[in-house]
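Reading the structure
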Amino acid sequence: MKRLLALAIPHVLSFRIPAWLKIASKWGFSFAILAYLWHYLQQFSATGFELPFESLWSVSFVLVLALVPLNWGLESYKWGVLLNASGIDTDWSTLTGSVLTGIAAGLITPNRTGEYIGRLAVVPTEKRIEAGGLLIFDRWGQMLATLLGGACAWSWFGWHHYTGLPFSVALVIGSAWSLAIVGGALLLFVKRFPGNKLWERLHLKAAVDAFTRLGFSLRVQLLLLSCLRYVVFTLQFAVIMLLLGFEGGLLAASSLAGVVFWVKSFVPSLALAELGVRESIAIFIGVWFHLRPEIAAISAFLLFLINLVLPAVVGLFLWMKSE
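Residues numbered from 1 in each chain as written. Predicted model: local features only at pLDDT ≥ 70, side-chain atom pairs only at ≥ 80, totals over all residues. Heavy atoms only, no water.

Comments concerning the packing of aromatic side chains
Two aromatic rings, taken as a pair, are described by how far apart their centres are and by the angle between their planes. Heads up, the condition is: Here is the rule: rings of Phe, Tyr and Trp (six-membered ring for Trp) pair when centre to centre is within 6.5 Å. Planes less than 30 degrees apart are stacked, more than 60 are edge-to-face, and the remainder are tilted. Only DSSP runs of H or I reaching four residues or more are called helices, and only runs of E reaching two or more are called strands; each is numbered from the N terminus. Exposed residues in this analysis have more than 50% of their type's maximum accessible area, buried residues have under 20%, and partly exposed residues fall in between, with area computed by a 1.4 Å probe over protein chains only. Ring-over charges, as used throughout, are those where CZ of Arg or NZ of Lys falls within 6 Å of the ring centre and within 35 degrees of the ring normal.
Applying the stated criterion across every chain yields a total of eight aromatic pairs. Where W154 meets W262, the ring centres are 5.8 Å apart and the plane angle is 85°; that geometry is what we call edge-to-face. One end of the pair, W154, is in helix α7 (residues 128–161); the other, W262, is in helix α12 (residues 250–264), with 108 residues separating them in the sequence. On the accessibility criterion, W262 (11% relative accessible area) is buried. By the ring-pair criterion, three or more aromatic residues cluster together here, those being W154, W262, F266, F284 and W288. Positioned above the aromatic ring of W79, the side-chain terminus of R119 is 5.6 Å from the ring centre. When the ring centre of W72 is taken as origin, the NZ or CZ atom of R229, which lies over that ring, is 4.5 Å away.

Below, the structure written as structure tokens:
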């Protein structure tokens, strides 16, 4: 198996797609994304939940929409910082296009693994393995931001909702902080990975080296950017819930959103683009915060439309226009 991977990895990453296959894949890919979106919308309408359009005509919802470009702009900026650290110069429009194209690809792949396609497409062939290591670092940093936010959210939930804290909740809170601390230590301080011979045999040594040679100040910068992006989409989720009738206040809504994101990060999503996963988790967690199921489901659905579908449509358009 190791020998098979060692032979396959460099060829997969350096494979040049013929022109005819690019055209065919673009049209097939576009059809798959549009078909998926149609299926998703049909499935949501079958639940009987109706979108309260009258609640969305407000300044607060305009703020939610205005945060979309900030959300993905931060992600594009992080990706650019990492590429520059590796000596790969890319202009802003190309960076943004690659991130948006990756969002579109992620919609129809399990666990949104298709995002890697869009990101690495802008990287020169000979640098893709190295860029892959940087991309893993980027995803790790965003995951750590989710763990930190989730730990804070769990702590707020335990503090405000229990007089005598049950052991199960205390265990979850302790585990959340432990994961965040360990993940943070590894992200900020790890300087090497064991198994150099294995990485060389798998032709992944460049990816591991790109990860480990990042300086401490750059790692801190990227972690702070990830945390800022986490605050942005958590605020979006919280404001949507408040607009739809959640009466717990902004802090409670943000805490609820943090717990939802934390739980979802541990749920493997074999279904395409987490179909129904985010809504189910939001309903389940919402019960603890006295949030009505319809508000939880519609809020999660709207966040999906705003933060993933809209950028994916733009990314799909940019991809179709690209050569």
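Still more ground to cover, so stick around.
Brief notes about the state of the cysteines
For clarity, the threshold we go by: Cysteine sulfur atoms that come within 2.5 Å of each other are treated as a disulfide pair.
For the structure shown, the criterion picks out zero disulfides. C152 carries a free sulfur, and the closest cysteine sulfur to it, the one in C227, is 9.2 Å from it. For C227, a relative accessible area of 23% corresponds to the partly exposed category.

Section: helix α11 (residues 216–243)
Heads up, the rule is: Take the number of residues in a helix, subtract one, and multiply by 1.5 Å to get its expected span.
For α11, built from 28 residues, the straight-helix expectation of 40 Å at 1.5 Å per residue is met to within 8% by its first-to-last C-alpha distance of 41 Å. One or two residues past the end of α11 sits G245, with phi positive at roughly 120°.

What about the environment of F284?
Structurally, F284 is set in helix α13 (residues 277–288). Using a relative accessible area of 52% as the deciding quantity, one classes F284 as exposed.

What to know about the confidence of the model for the protein
In low-pLDDT regions, the fine details of the predicted coordinates are not to be read closely. Quick note on the threshold: Known as pLDDT, the predictor's confidence for each residue is given on a scale from 0 to 100. Residue contacts are counted whenever heavy atoms from the two residues lie within 4.5 Å of one another.
Taken residue by residue, the protein gives an average pLDDT of 77. The fraction at 70 or more is 72%. The lowest-confidence element of the protein is helix α1 (residues 2–14), averaging 48 in pLDDT; the highest-confidence one is α11, averaging 92. Confidence drops under a pLDDT of 50 for residues 4–9, and excluding neighbours within four residues, the segment shows seven contacts in the predicted structure.

Notes on helix α5 (residues 92–107)
In an α-helix there are 3.6 residues to a turn, and that puts residues three or four apart on one side. Its 16 residues give α5 an end-to-end C-alpha distance of 23 Å, which sits within 8% of 22 Å, the value for a rise of 1.5 Å per residue. In terms of burial, α5 is largely enclosed, as twelve of its 16 residues are buried.

Here we look at unusual backbone geometry
The backbone of H290 shows a phi angle near 60°, a positive value even though the residue is not glycine. Counting through the fold element by element, H290 comes out in the loop between α13 and α14 (293–321).

Observations regarding a nonpolar patch on the surface
For the record, the criterion: Only residues whose relative accessible area exceeds 30% and that form no salt bridge enter a patch; like-charged residues are grouped when within 9 Å of one another, and nonpolar side chains (Val, Leu, Ile, Met, Phe, Trp, Tyr) when within 5 Å. To be clear on the numbers: accessible area is Shrake-Rupley with a 1.4 Å probe, and residue cover counts the displayed protein chains and nothing else. Salt bridge, as applied in this entry: a Lys or Arg side-chain nitrogen positioned within 4 Å of an Asp or Glu carboxyl oxygen.
On the surface, F284, V287 and W288 cluster together into a nonpolar patch covering about 300 Å² of accessible area. Within the fold, W288 resides in helix α13.

Overview of the packing of helix α4 (residues 59–85) against α5
Quick note on the threshold: To obtain each axis, a line is fitted to C-alpha atoms, and for helices this fit is confined to the stretch in contact; angles are then taken between N-to-C directions over 0 to 180 degrees. It is the rotation of the near helix from the far one that decides the hand of a crossing: anticlockwise by less than a right angle makes it left-handed, clockwise makes it right-handed. Residue polarity is assigned by list, with Asp, Glu, Lys and Arg as charged and Ala, Val, Leu, Ile, Met, Phe, Trp, Tyr, Cys and Pro as nonpolar; anything else, Gly included, falls into the polar class.
Relative to each other, α4 and α5 sit at 115°, their axes nearing to 9 Å. Considering the relative orientation of α4 and α5, their crossing is right-handed. Between α4 and α5, the residues in contact are W72, G73, E75, S76, Y77, W79, G80 and L83 and W92, L95, T96, S98, V99 and I103, respectively. Across the contact of α4 with α5, the residue classes tally to eight nonpolar, five polar and one charged.

Re the packing of α12 against α13
Short version of the rule: Here roughly perpendicular refers to angles of 65 to 115 degrees, roughly parallel to angles under 35, roughly antiparallel to angles over 145, and oblique to all remaining angles.
Where α12 meets α13, the closest approach of the two axes is 9 Å, and the angle between their N-to-C directions is 130°. As summarised for this structure, α12 and α13 are arranged oblique, according to the angle between their axes. As α12 runs across α13, the sense of the crossing is right-handed. Two secondary-structure elements touch here, α12 through L256, V259, V260, V263 and K264 and α13 through V277, R278, I281, A282, I285 and G286. Across the contact of α12 with α13, the residue classes break down as eight nonpolar, one polar and two charged.

Things to note about the pattern of salt bridges
Should the charged atoms of two oppositely charged side chains come close, the side chains can pair. Here the structure, examined in full by the defined rule, presents ten salt bridges. Here D138 ties to K78 by a salt bridge, and the two come within 3.1 Å at their closest N and O atoms. Here D138 is found in helix α7, whereas its partner K78 is found in helix α4, with 60 residues between them in sequence. A single burial state applies to D138 and to K78, both of which are buried. Connected via shared salt-bridge partners are E75, K78, R119, D138, R139 and R229.

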